[in-house]
There are 2 protein chains.
Amino acid sequence: MADELTKIIDLSTQSNTSDNYLTFIDQLCEHMDFDFASYATMSPVTGSVLGYANYPDEWKMHYMRMNLHRVDPTIHQSARSIAPVDWTRLSRGESFNSVFYRANDFGLTDQGLTVPVRGPFGDVGLLSVTRSCSEREWKLLTRDKISELQMAAVHLHDSVMQSDVLSRALRRPSLSARETEVLQWTAIGKTQQDIGDILSISHRTVEVHMRSAREKLGALTTIQAVGRAIGYQIIYPG
Amino acid sequence: MADELTKIIDLSTQSNTSDNYLTFIDQLCEHMDFDFASYATMSPVTGSVLGYANYPDEWKMHYMRMNLHRVDPTIHQSARSIAPVDWTRLSRGESFNSVFYRANDFGLTDQGLTVPVRGPFGDVGLLSVTRSCSEREWKLLTRDKISELQMAAVHLHDSVMQSDVLSRALRRPSLSARETEVLQWTAIGKTQQDIGDILSISHRTVEVHMRSAREKLGALTTIQAVGRAIGYQIIYPG
DNA sequence: GCAACACTACGGGATACCCCTAATAGCAAT
DNA sequence: ATTGCTATTAGGGGTATCCCGTAGTGTTGC
């Protein structure tokens, strides 16, 4: 069992192409007896979702066309969780139905599991697997494979993040010491005048650091810049 | 093997007392043949550091007295990593020596492994294990146990965070729909005038909602209010 | 019924923020 | 050495925001 896992993980440490990730997902299904698997990563700041899956093409098209990632409860729930999320425990609300309502038509089941992983920059990776079988069989399968799935998710996300395919969009901008300092003081409620006094510089200068911080963070206002800096974990909320 | 793990994890889903976490760590060592284990977490909001370890008391005293957590390379390296970090791969720099220089005197080894886990609030949990044995034995041990350690780390961190987040949730102020709405638009860079147009209300009214939101959040400025709202997960960074 | 609160709206004075320009210092490049 | 980039410093001017009020309507709860 451990050998199988090692074999799979070794695959992920090779070249970081999209094809490689797809074959990794395929092999994962094959080795662990799942129907389908997917990996998705989302930016905590922009909320954009990118990923790979071996779902039927028709479903992928449908999913993308309907922008289902915006309401998909498997994504939103596991994006807020530390531990793996079993889809059978999700509440059957409106958003659940809007995603799984037509899923059966595409050969998919709502019997799935999502393993969330997070990196140091607030980046989130979601490894999901599905299998249509009896409830008892599903319980046994997940119990046996969950720790391997956890490992696989960690290594897959690590690999994806180390490649610059997706990480560039997610990587946090590098702020100067002053910029970070000014943002942090701002976040805890100080005015520019206060900060100028604290740092023994003019409040004009404080504003310049603020401006370049805004530009680097692609923010329209100081408030948005502070929000993003918190999202990127560059500073802490006051 | 899976049964052992289940047994251990069940322990962590009971009451969340410090004693419980300590026995969890002890049992982890016992079941997986490690000498020592530790768990540490840092909350990005409060900045507080929390940890449990079954190291010798003398070492814990020494570690705390010297504030070694500030330079500990096992912490800093794994706090920047997604995947587990084997201490034998750490660079033998100044900070490494300053921690492990005297570790041997206390019966500790530099043959260890740290598994990092992250939650949705930027919280980091570090589960570390050590064992002094031959290099070959160490390699085999870590290869066999790493996926169980990963699982244990996830569940331990999940348990700790649920107890911590619970108390945080009690302190979370309840904002009205309008207040939340106004804060969210502000966080994504809209001005009060913009928001007034979007919500079809006067920009004066927007400011009133902003004011009461600031008061409820105990914030000195709108920026701090937005930062706290993000920290409380009331709104999302723009 | 009445108290408490949410949502709505306006005004005026003080202030902080935002944009422009601009200088100096350091550091990498070649 | 000169060019180029970034970090840091700073002033002037326009405007949006903040803060202090007041005040009417509608909903919720005792």
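Owing to the predicted nature of the structure, the values given are computational and were not obtained by experimental measurement.

Procedures and definitions
- Residues numbered from 1 in each chain as written.
- Chains lettered and ligands numbered in written order.
- Predicted model: local features only at pLDDT ≥ 70, side-chain atom pairs only at ≥ 80, totals over all residues.
- Heavy atoms only, no water.
- Contact = heavy atoms within 4.5 Å.
- Buried area = accessible area lost by both parts, 1.4 Å probe.
- Salt bridge = Lys/Arg side-chain N within 4 Å of Asp/Glu carboxyl O.
- Helix = DSSP H or I, 4+ residues; strand = E, 2+ residues; numbered from the N terminus.
- Near = heavy atom within 4 Å.
- Polar contact = N/O pair within 3.5 Å; in protein donor to acceptor, adjacent residues only side chain to side chain.
- Nonpolar A, V, L, I, M, F, W, Y, C, P; charged D, E, K, R; others polar.
- Least-squares fit on C-alpha atoms with pLDDT ≥ 70 in both.
- Buried < 20%, exposed > 50% of the residue type's maximum accessible area, 1.4 Å probe, protein only.
- Arc of directions from axis to C-beta.
- Expected span 1.5 Å × (residues − 1).

Q: Even after reading the chapter, I still don't get the interface of chain B and chain A, so can you show me in this structure?
A: Listed as interface residues are 42 residues of chain B and, on the opposing side, 42 residues of chain A. Between chain B and chain A, the buried area comes to about 3,500 Å², and carbon and sulfur atoms account for 66% of it. The largest per-residue losses of area from chain B upon contact with chain A belong to Ile82(B), Arg118(B) and Ile223(B), which jointly make up 19% of the total buried on that side. Counting the contacts that link chain B with chain A gives zero salt bridges. Elements supplying a minimum of two residues to the side of chain B that touches chain A: helix H1 (2-12), strand E4 (112-118), helix H6 (135-171), helix H7 (177-187) and helix H10 (222-231) of chain B. Looking at which element gives the most residues to the side of chain B that touches chain A, the answer is H6(B), with nine residues.

Q: Teacher, can you tell me more about the protein's contact with DNA strand D here?
A: Lining the immediate surroundings of DNA strand D are 17 residues, of which Ser176(A), Ser202(A), Gln192(B), Arg211(B) and Thr222(B) lie closest. For DNA strand D, a phosphate oxygen lies 2.5 Å from a polar atom in the side chain of Ser176(A). Contact distances for DNA strand D include 2.8 Å between a base nitrogen and a side-chain N or O atom of Arg204(A). Of all the elements in the fold, those that place two or more residues in the surface near DNA strand D are helix H10 (203-217) of chain A together with helix H8 (192-199) and helix H9 (203-217) of chain B. Of the residues forming the surface near DNA strand D, the biggest block, five residues, is contributed by H10(A). Here the surface near DNA strand D is built from residues that sort into three nonpolar, eight polar and six charged.

Q: What is the right way to look at the relation of the copies chain B and chain A in this model?
A: These two copies of the chain differ by a rotation about an axis and a displacement along the same axis. When chain B is fitted onto chain A, the two copies agree to an RMSD of 2.8 Å after a turn of 176° and an axial shift of 0.8 Å. Such a turn and shift between the copies fits a two-fold axis. Interface overlap between copies is the fraction of interface residues in one copy that are interface residues in the other; for chain B against chain A it reaches 98%, indicating a shared surface.

Q: What exactly am I supposed to notice about the protein's contact with DNA strand C here?
A: In the vicinity of DNA strand C lie 17 residues, with Arg211(A), Thr222(A), Ser176(B), Arg178(B) and His209(B) positioned nearest. Sugar plus phosphate, as a fraction of atoms of DNA strand C within 4 Å of the protein: 53%. A distance of 2.9 Å is found between a phosphate oxygen of DNA strand C and a backbone nitrogen or oxygen belonging to Gln192(A). Note that a phosphate oxygen of DNA strand C is positioned 2.6 Å from one of the side-chain N or O atoms of His209(B).

Q: Any chance you could explain the side chain of Ser128(A) here in plain terms?
A: All names here are of chain A. Topologically, Ser-128 is positioned in strand E5 (residues 124-130). A polar contact is formed between the side chain of Ser-128 and the side chain of Thr-114, at a distance of 2.8 Å. Each residue touching Ser-128, except ones within four places of it in the same chain, is listed here: Phe-36, Ala-37, Ser-38, Tyr-55, Trp-87, Leu-113 and Thr-114.

Q: For this particular structure, what's the right way to read helix H3 (residues 57-65) of chain A?
A: Given 3.6 residues per turn, any residue in an α-helix points the same way as the ones three and four places further on. All names here are of chain A. When we look at burial in H3, the residues that qualify are Trp-59, His-62 and Tyr-63. Seen along its axis, H3 keeps its buried residues to an arc of 100°; they face one direction. Facing away from the buried surface of H3 by more than 90 degrees, the exposed residues are Asp-57, Met-64 and Arg-65. At its buried positions, H3 is contacted by helix H4 (73-78) and helix H5 (94-100).

Q: Can you help me understand H10(A) in this one?
A: All names here are of chain A. For H10, with 15 residues, the first-to-last C-alpha span of 21 Å sits near the 21 Å given by 1.5 Å per residue. Val-206, His-209, Met-210, Ala-213, Arg-214 and Leu-217 are the residues of H10 that are buried. Each buried residue of H10 sits inside an arc of 140° when the element is viewed along its axis, so together they form one side. With respect to the buried face of H10, the exposed residues turned more than 90 degrees away are Arg-204 and Glu-215. The secondary structure elements touched by the buried residues of H10 are helix H8 (177-187), helix H9 (192-199) and helix H11 (222-231). The N-terminus of H10 is capped by Ser-202, whose side-chain oxygen sits 3.0 Å from the backbone nitrogen of Arg-204. Gly-218 lies just past H10 and shows a positive phi near 65°.

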